[in-house]
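Listed below are the residues making up each chain.
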Amino acid sequence: MSRGARQPRVHTAPDKDKPSRILRVSLEGNIAVGKSTFAKLLNAATKDWDVALEPVSKWQSVDTSQETVSNLLDIMYRDPQRWSYTFQTFSCMSRMRTQLQPPATHLLGSGGQPVQVFERSVYSDRYIFALTLFEMGCINATEWAVYQNWHSFLLEQFAQRLELEGIIYLKAPPQMCLERLQRRGRDEEKDVKLDYLEKLHVQHENWLVNKSTELHFEQLKRVPVLELDATVDFEKDKEVKNNLISQVRNFFSTL
Ligand SMILES: Nc1ncnc2c1ncn2[C@@H]1O[C@H](COP(=O)(O)OP(=O)(O)OP(=O)(O)O)[C@@H](O)[C@H]1O
Ligand SMILES: Nc1nc(=O)c2ncn([C@H]3C[C@H](O)[C@@H](CO)O3)c2[nH]1
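Residues numbered from 1 in each chain as written. Chains lettered and ligands numbered in written order. Predicted model: local features only at pLDDT ≥ 70, side-chain atom pairs only at ≥ 80, totals over all residues. Heavy atoms only, no water.

Enquirer: Help me get a handle on the nonpolar core, residues and values and all.
Expert: Phe38, Leu42, Tyr123, Ile168, Leu220, Val248 and Phe252 are the most contacted members of the largest nonpolar core, which has 63 residues in total. In terms of residue count, helix α6 (residues 122–135) provides more of this core than any other element does, 8 residues in total. Excluding its chain neighbours within four sequence positions, the residues that come into contact with Leu220 are Tyr123, Tyr127, Ile167, Trp207 and Leu215. Ranked by size, the runner-up nonpolar core spans 7 residues in total, among them Trp59, Val62, Leu72 and Leu73. (Core = buried A, V, L, I, M, F, W, Y, C linked by side-chain atoms within 4.5 Å. Buried < 20%, exposed > 50% of the residue type's maximum accessible area, 1.4 Å probe, protein only. Helix = DSSP H or I, 4+ residues; strand = E, 2+ residues; numbered from the N terminus. Contact = heavy atoms within 4.5 Å.)

Enquirer: Could you give an account of the site of ligand 1, with specific residues and numbers?
Expert: Around ligand 1, the surrounding shell holds 20 residues, and the nearest of these are Lys35, Ser36, Thr37, Arg184 and Glu235. Ala32 is positioned with one of its backbone polar atoms (N or O) 3.0 Å from an oxygen atom of ligand 1. At a separation of 2.7 Å, an oxygen atom of ligand 1 approaches a polar side-chain atom of Ser36. Taken by itself ligand 1 offers 630 Å² of open surface, and the protein chains cover 88% of this. Looking at side-chain class alone, the shell around ligand 1 contains 5 nonpolar, 4 polar and 11 charged residues. (Near = heavy atom within 4 Å. Polar contact = N/O pair within 3.5 Å; in protein donor to acceptor, adjacent residues only side chain to side chain. Areas by Shrake-Rupley, 256 points an atom, 1.4 Å probe, with all protein chains shown as cover. Nonpolar A, V, L, I, M, F, W, Y, C, P; charged D, E, K, R; others polar.)

Enquirer: Could you give an account of the site of ligand 2, with specific residues and numbers?
Expert: Surveying the vicinity of ligand 2 reveals 17 residues, the closest of which are Glu54, Tyr77, Gln88, Arg95 and Glu189. Within the side chain of Glu54, one N or O atom sits 2.6 Å away from an oxygen atom of ligand 2. Coverage of ligand 2 by the protein amounts to 98% of the 410 Å² it exposes when considered alone. At the level of elements, α2 (56–60), α3 (72–78), α4 (80–100) and α6 are the ones that each hand at least two residues to the shell around ligand 2. Among the elements that take part in the shell around ligand 2, α4 stands out by supplying 4 residues, more than any other. Each residue belonging to the shell around ligand 2 can be placed in one class, and the counts come to 9 nonpolar, 2 polar and 6 charged.

Enquirer: Any chance you could break down helix α1 (residues 35–45) for me, citing the residues and the numbers?
Expert: All of the buried residues along α1 are Lys35, Phe38, Ala39, Leu41 and Leu42. One side of α1 carries all its buried residues, which in axial view fall inside an arc of 160°. For α1, exposure combined with an orientation more than 90 degrees from the buried face picks out Lys40 and Ala44. Where α1 is buried, its residues meet β1 (23–29), β2 (49–52), β5 (115–119), β6 (166–171), β7 (225–229) and α11 (238–254). (Arc of directions from axis to C-beta.)

See the structure below:
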């Protein structure tokens, strides 16, 4: 077709038998900001959305096929210099597994716009946690180089299978996250300090708001981000919950 030629407008009837493209979105935010709580709300909102929660229990009991050998979350918090790199290898592998899983079968014939939502991602593993732990000196220069080397390699190998169409960023002040964390009372987190949550908060802001984090994946630089105010009580207040869900629905419709 020659340049400038007027294109006919083609209207095609939606093909009811053709499944919609499945969108893949991650839910990001500081520790205890309310991701799991919000993820469960999303999961219950419509059968078009399926949520994969972070596999915390797998980190709490690392096992061989015969026995449980340790609680990696616990030892990472107790001795971060020794265990942070090991933790990031395990957390990133588990995130990769989750993101590579085929969609739940009920999504395939859902009728609406199907969406897979992942609580955190292979990207937050690197650009939030591993980077912060490196900056804090809990991951040394050699470990950081090794981590980045295999992370880039694996993400390039799996390329489109890991890519996201959108990111939801749940945001609340670090002090509020600390209060929620303390109220939740997860044993391994009892020594988590405000200072750590402040560092993670800045890291989220740099990546998702200021866009100043150096990213190594072209597609990731263009992924749209929906920022949601997580200071509101979406656990108990129905109106607040519905408002957030409708923001999510609108966001998905733009992807
Ligand atoms: N909007 C909210 N208002 C008040 N409390 C909340 C809200 N969201 C979550 N909480 C409470 O805060 C605590 C932490 O929530 P949740 O476990 O969902 O956080 P998370 O972001 O998934 O944490 P993590 O980063 O550890 O995975 C829970 O006790 C939960 O009941
Ligand atoms: N070091 C480190 N790296 C990660 O990739 C990571 N992802 C989650 N977490 C911690 C936060 C909560 O305590 C708990 C549940 O989110 O696990 C992480 N810690």
